[in-house]
Amino acid sequence: MIPPHTDSLEQWCTGIAAPTASPGGGAAAALTAAFAAALVEMVAGLTVERKSYAPIRAEAERVRTRAGTLRHELVGLGSKDAESFAEFVRVLALPRNTEAERAKRASAKRSALRQASQVQYELLLRLVEVSEMGIYIAQNGHVGSMGDAATAVFLAAGAARGAYWAIRSNLGGDGRGSEGASLPEAALSKLEQVEANEWRVRQLLSERVP
């Protein structure tokens, strides 16, 4: 398993490529999201440095700062996902010879899956932010880097789809989220926000790219 909060991309790639259950798709989605945030941070930084973008400098600086914070949080979520799924794998190894053991194992499985799903929901919440900042900086930021900002939104959408379907796979219709909605329902709402931003950036590219 990947050590918590590792900074080595090669370690992550090696860990994900290994024939083990963890780290897997959830961690990969979080790292993809971190790359998306890094691209937003880069384009915002380029925007801040250009005098011609002085009218939006304050907002671009805010975007750059927030994207940097999200980048670090998203790498951390990759580690959290790996740890959560490793716990699920450990639960699968619990004894199930008696009725009591089977009940205990089933309860532990549900708990581990809920925890893993919560990590993916936290990922979705951040992906909404990343995609919103990506579309803003693509529309208003350094024009020569519009493609990089658009790529951030595309990466965010891919990661969001992975996170949503991980939650659905883990929980089905089980689990409760905020305001009484099931966690899968709440996750779908976040996915739809990210995908709407993906559609907007595709429209922007169609308008501006010959």
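The structure displayed is predicted, hence computed values, not measured ones.

### Re the pattern of salt bridges
Scanning the entire structure with this criterion turns up eleven salt bridges. In this structure, Glu41 and Arg71 form a salt bridge, with 2.7 Å as the shortest nitrogen-oxygen distance. Linking Glu41 in helix α2 (residues 25–49) with Arg71 in helix α3 (residues 57–92), this pair joins segments that are 30 residues apart in sequence. The shortest N-O distance in the salt bridge between Glu87 and Arg90 comes to 2.9 Å. Linking Glu87 with Arg90, this pair stays in helix α3, spanning three residues, or about one helical turn. Note on Glu87: relative accessible area 35%, which makes it partly exposed.

### Topic: the packing of aromatic side chains
A complete count under the given rule lists two aromatic pairs for this structure. Ring centres 5.4 Å apart and planes at 45° place the aromatic pair Phe85 and Phe88 in the tilted group. Residue Phe85 and its partner Phe88 are located together in helix α3, separated by three residues, close to a single helical turn. What makes Phe85 partly exposed here is its relative accessible area of 26%.

### Describing the packing of helix α5 (residues 146–171) against helix α6 (residues 183–208)
Interaxial distance between α5 and α6 falls to 9 Å at its minimum, and their mutual angle equals 155°. By the angle between their axes, α5 is roughly antiparallel relative to α6. Crossing of α5 against α6: the hand is left-handed. Classifying every residue of the contact of α5 with α6 by side-chain character gives 19 nonpolar, one polar and six charged.

### Re the environment of Leu188
Within the secondary structure, Leu188 is located in helix α6. Classification of Leu188 as partly exposed rests on a relative accessible area of 32%. Expressed as a C-alpha distance, the spacing of Leu188 and Ala163, which sit 25 residues apart in the sequence, is 9.8 Å.

What counts, and at which threshold
- Residues numbered from 1 in each chain as written.
- Predicted model: local features only at pLDDT ≥ 70, side-chain atom pairs only at ≥ 80, totals over all residues.
- Heavy atoms only, no water.
- Salt bridge = Lys/Arg side-chain N within 4 Å of Asp/Glu carboxyl O.
- Helix = DSSP H or I, 4+ residues; strand = E, 2+ residues; numbered from the N terminus.
- Buried < 20%, exposed > 50% of the residue type's maximum accessible area, 1.4 Å probe, protein only.
- Phe/Tyr/Trp six-rings, centres within 6.5 Å; stacked < 30°, edge-to-face > 60°.
- Axes fitted to C-alpha atoms, helices over the stretch in contact; angles between N-to-C directions.
- Parallel < 35°, antiparallel > 145°, perpendicular 65-115°, else oblique.
- Left-handed = near helix turned anticlockwise from the far one by under 90°.
- Nonpolar A, V, L, I, M, F, W, Y, C, P; charged D, E, K, R; others polar.

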